[in-house]
Amino acid sequence: MSRGLTPELLLRAYAMGVFPMAKAREDRRVYWVDPDERGILPLPDFHVPRSLKKVLRKAPFEIKVDTAFQAVMEGCAESKPGRDKTWINDEILAQFCLLHHLGLAHSVECWRGGELVGGLYGLALGAAFFGESMFSRTTDASKVALVDLVARLKQGGYVLLDTQFITDHLVRFGAVEIPREDYLAMLAAAMSMPAQFSREPVDWRLAADSLTD
């Protein structure tokens, strides 16, 4: 548990394979999590479901990067059916916004008609990207943001997409769990490599070979 969260502390923790969570938005306490099994989404094996391919061809959203970082975090912290509480408290939100201002935390955003309708955010260190959370206010918005993120990571030379845990939603895209020891080895290798997170438009076909079918 920690009450003294800072950007520097967060960077050290992520480099060691540890990440923060709160029990609820109103809980000021932050707990450090180091799971025995770590969720990752192997970039070479990223899979786009057939139904989503049809959505991508229609390009239903305007994609922006890093234009509404705090709004994306607040969207991820919203309650929704089946999830009354969030692990993103005000302390985590504030410190990640500072990391964003330092150029280390990024958001991928889906916009429609001038309204933010979905997106995701995470932290980039070396060639590792730590995906924190995603949200949708309309069908498929977070899924489209994920495809854009993966294409962006592949283009930028990233080798590790950390999802922390896995869900049925992420498993559809190829997410797996690996032992902590294997994850730490992958993390150390990724942290020693350079990568570039671009804010420019990216070709979604970079995300998966199947998109070219």
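Rules and cut-offs
Residues numbered from 1 in each chain as written. Predicted model: local features only at pLDDT ≥ 70, side-chain atom pairs only at ≥ 80, totals over all residues. Heavy atoms only, no water. Patch = residues over 30% accessible without salt bridge, like charges linked within 9 Å, V, L, I, M, F, W, Y side chains within 5 Å. Areas by Shrake-Rupley, 256 points an atom, 1.4 Å probe, with all protein chains shown as cover. Salt bridge = Lys/Arg side-chain N within 4 Å of Asp/Glu carboxyl O. Lys, Arg positive; Asp, Glu negative; His and termini not counted. Charge placed at Lys NZ, Arg CZ, Asp CG, Glu CD. Helix = DSSP H or I, 4+ residues; strand = E, 2+ residues; numbered from the N terminus. Buried < 20%, exposed > 50% of the residue type's maximum accessible area, 1.4 Å probe, protein only. Phe/Tyr/Trp six-rings, centres within 6.5 Å; stacked < 30°, edge-to-face > 60°.

Engineer: Help me understand a positive patch on the surface, please; the structure alone is not making it clear to me.
Structural biologist: A cluster of basic side chains, namely Arg 50, Lys 54, Arg 57 and Lys 58, defines a positive patch on the protein surface. If you trace the backbone, Lys 54 turns up in helix H2 (residues 50-58). Residue class for Lys 54 comes out exposed when judged on its relative accessible area of 53%.

Engineer: How should the pattern of salt bridges be read in this particular structure?
Structural biologist: Any two side chains of opposite charge can pair, so long as their charged atoms come close to each other. Throughout the structure, instances matching the rule amount to 9 salt bridges. A salt bridge links Arg 199 to Asp 66; the shortest N-O distance between them is 2.9 Å. Separated by 133 residues along the polypeptide, Arg 199 in the segment after helix H7 (180-191) and Asp 66 in the loop between strand E4 (62-65) and helix H3 (69-76) bring together distant segments of the chain. Residue classification places Asp 66 among the buried positions, given a relative accessible area of 13%. One network of salt bridges, with partners in common, ties together Asp 34, Asp 36 and Arg 180.

Engineer: For this particular structure, what's the right way to read the packing of aromatic side chains?
Structural biologist: Each aromatic ring pair is summarised here by two numbers: the centre-to-centre distance and the angle between the ring planes. For the coordinates displayed, the defined rule picks out 8 aromatic pairs. Considering the side-chain rings of Phe 46 and Phe 173, the 5.6 Å spacing of their centres and the 15° angle between planes classify their relative orientation as stacked. Of this pair, Phe 46 sits in the loop between strand E3 (37-40) and H2 while Phe 173 sits in the loop between helix H6 (168-171) and strand E9 (176-179), and the two are 127 residues apart along the sequence. Grouping residues by exposure puts Phe 46 and Phe 173 together as buried. For the pair Phe 69 and Tyr 121, a centre-to-centre distance of 5.7 Å together with 80° between the ring planes defines the contact as edge-to-face. Remark: Tyr 121 occurs in strand E6 (residues 115-125) and Phe 69 occurs in helix H3; sequence separation between them is 52 residues.

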